[in-house]
Amino acid sequence: MSDESTMYTAEEALLSKLSAIDRGYVTDNYSHYLTSSQKRIRKPPIINRGYYTRVECVRQLVNSFIDKTNVDTARQVVVVGSGYDTTSFQLLLSQHVPNLILIEVDFDETIRKKLMLVLNNKQLMSEILKYEANSDMPPPPPPPSSSSSSSDSDSVSLTAQQKKQKMMDKHKIDIPGNPNPSKCSCYRVINQPSCNSALYYVSADLRDVTGGGTGGEAGGDDVSSSSSSFMTTLRYIANIHE
């Protein structure tokens with residue numbers, strides 16, 4: 001399966017999950033924040049039941065891990081191929097689990113899309129800011145409307161792209177000792193120091209992360225450095241929250 005096909009499954013999975021939510025199979029207060037489309041597709045019952053089973057199994061597994069680990073020690077959960085999953089928001093924003101470090105890993109395009117959907121949603125960002133401040137805060141002000149009268153569409157597009165990049169750079173973390181920064185980027189989405197909990201988005205080639213890369217003579221060194229970048233990132237995050 002190509003990278004494009006794999007990334008498409010993330011969006012298809014979100015639509016299927018939204019169908020299960022709409023029909024009452026699944027309770028999730030955050031998935032609707034991660035879709036830029038108002039279109040909802042009603043899936044057949046077998047799909048809704050399948051997503052209920054998947055969501056419930058993952059929730060039980062993660063909650064069991066949290067219950068059985070020391071609440072006074074930082075716990076780390078790494079979600080490989082996270083797509084548009086919202087378990088992290090449920091655990092931090094709703095359950096307020098302390099000493100929990102969540103790391104979501106996916107292809108760069110998927111991570112960037114998800115991060116922008118989060119940053120551009122006023123309601124979700126308001127919840128994140130309240131959680132980080134541990135106090136009631138007003139929602140962030142809406143972004144200023146463009147007043148440019150220029151008819152140069154390339155200039156307008158570039159300005160929008162610059163704003164997008166600036167928003168992302170604000171959350172980006174430079175990893176010391178990263179052997180291949182272009183292959184692995186890290187963004188801190190949520191940080192609550194008082195209870196030592198945080199959410200990170202990490203972009204990486206999933207084939208390298210899972211050992212499915214095809215190194216060979218042509219790309220062996222590149223795959224090796226990419227995998228090393230990923231492990232360096234995980235160790236750095238773990239050290240921050242020791």
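Everything discussed here concerns the structure shown above.
Bear in mind the structure is a predicted one, so any value in this text is a computation, not a measurement.

Participant: I'd like a description of the pairing of strand E4 (residues 185-192), backed by residues and values.
Facilitator: Among the eight residues in E4, six count as buried, and that is most of the element. Of the strand pairs in this sheet, strand E3 (residues 172-173) and E4 are connected by two bridges, and their pairing is antiparallel. Among the inter-strand pairings, Lys172 is bridged to a residue of E4, identified as Tyr187. Between E4 and strand E5 (residues 197-203), which pair antiparallel one after the other, the connecting turn spans four residues, and Asn196 there sits at a positive phi close to 55°.

Participant: I'd love a proper account of the nonpolar core, names of residues and values included.
Facilitator: Core analysis: the largest hydrophobic core is formed by 37 residues, its most contacted members being Phe89, Val118, Ile190 and Tyr201. Going through the elements one at a time, helix H1 (3-22), helix H2 (45-68), helix H3 (87-94), strand E2 (100-106), helix H4 (108-119), helix H5 (122-133), E4 and E5 are the ones with two or more residues in this core. Listed in part, the 17 residues of the second largest apolar core include Val105, Phe107, Leu234 and Ile237.

Participant: Please set out empty space enclosed by the protein residue by residue, giving values where relevant.
Facilitator: In total, this model carries one cavity of 30 Å³ or more according to the counting rule given. Size it by volume and the largest cavity reaches roughly 70 Å³. In this structure, the largest cavity is lined by Lys17, Asp28, Arg54, Val55, Val58, Arg59, Asp85, Thr86, Thr87 and Gln90. When contributions to the lining of the largest cavity are tallied by element, the ones reaching two or more residues are H2 and H3. Broken down by element, the residue count for the lining of the largest cavity peaks at four residues, all from H2.

Participant: Please give an account of the pattern of salt bridges that cites residues and values.
Facilitator: This structure, assessed with the given rule, holds five salt bridges. Here Glu11 makes a salt bridge to Lys113, at a shortest N to O gap of 3.3 Å. A residue pair is termed long-range when its members are at least 10 positions apart, and Glu11 in helix H1 and Lys113 in helix H4 qualify at 102 residues. On the basis of relative accessibility, which here comes to 36%, the residue Lys113 falls in the partly exposed class. Taking the shortest distance from any N to any O, the salt bridge between Lys114 and Glu104 comes out at 2.5 Å. Pair noted here: Lys114 is in helix H4 and Glu104 is in strand E2, with a separation of 10 residues, a long-range link.

Participant: Talk me through H5; I want residue IDs and the actual numbers.
Facilitator: Structural remark: α-helix, 3.6 residues per turn; residues separated by three or four positions point the same way. End to end, H5 covers 16 Å across 12 residues, agreeing with the expected 16 Å (1.5 Å per residue, within 8%). Among all positions in H5, only Leu124, Met125, Ser126, Ile128 and Tyr131 are buried. At the N-terminal boundary of H5, the capping side chain belongs to Asn121, with an oxygen 3.2 Å from the backbone nitrogen of Gln123. Downstream of H5 by one or two residues, Asn134 has phi in the positive range, about 55°.

Participant: So what's going on with the environment of Arg59? Residues and values would help.
Facilitator: Relative to the elements of secondary structure, Arg59 occurs in helix H2. Assessed through its relative accessible area of 23%, Arg59 is described here as partly exposed. Linking Arg59 and Gln90, residues 31 residues apart in sequence, is a C-alpha distance of 9.7 Å. In this structure, Arg59 is in contact with Val26, Thr27 and Asp28, ignoring residues within four places of it in sequence. Engagement of the side chain of Arg59 in a polar contact is seen with the backbone oxygen of Thr27, the distance being 2.6 Å.

Participant: Pulling in residues and values, what's your account of the pairing of E2?
Facilitator: The element E2 is extensively covered by neighbouring structure, given that seven of its seven residues are classed as buried. Of the two faces of E2, the one holding Leu100, Leu102, Glu104 and Asp106 and the one holding Ile101, Ile103 and Val105 are both buried throughout. As judged from the six bridges shared by strand E1 (residues 75-80) and E2, these two strands associate in the parallel manner. Across the sheet, the residue bridging to Arg75 is Leu100, located in E2. Of the crossover connections in this fold, the one passing from E1 over H3 to the parallel E2 is right-handed.

Participant: Account for the layout of surface pockets, with residues named and values stated.
Facilitator: There is about 270 Å³ of room inside the second largest pocket. In this structure, the second largest pocket is lined by 18 residues; those nearest its centre are Ala10, Ala13, Ser82, Gly83 and Tyr84. Taken together, the elements giving at least two residues each to the lining of the second largest pocket come down to H1 and H2. Looking at which element gives the most residues to the lining of the second largest pocket, the answer is H1, with seven residues. Of the residues that constitute the lining of the second largest pocket, the class distribution is eight nonpolar, six polar and four charged.

Rules used in this analysis
Residues numbered from 1 in each chain as written. Predicted model: local features only at pLDDT ≥ 70, side-chain atom pairs only at ≥ 80, totals over all residues. Heavy atoms only, no water. Buried < 20%, exposed > 50% of the residue type's maximum accessible area, 1.4 Å probe, protein only. Helix = DSSP H or I, 4+ residues; strand = E, 2+ residues; numbered from the N terminus. Pairing = 2+ DSSP bridges. Core = buried A, V, L, I, M, F, W, Y, C linked by side-chain atoms within 4.5 Å. 1 Å grid on protein atoms, 1.4 Å probe; cavity = no way out; pocket = protein on both sides within 12 Å on 5 of 7 lines; lining within 4 Å. Points joined across faces, edges and corners; volume = space filled by probe spheres on them. Salt bridge = Lys/Arg side-chain N within 4 Å of Asp/Glu carboxyl O. Expected span 1.5 Å × (residues − 1). Polar contact = N/O pair within 3.5 Å; in protein donor to acceptor, adjacent residues only side chain to side chain. Contact = heavy atoms within 4.5 Å. Right-handed = clockwise from strand over helix to strand, strands pointing away. Nonpolar A, V, L, I, M, F, W, Y, C, P; charged D, E, K, R; others polar.

Geometry only, nothing functional implied.
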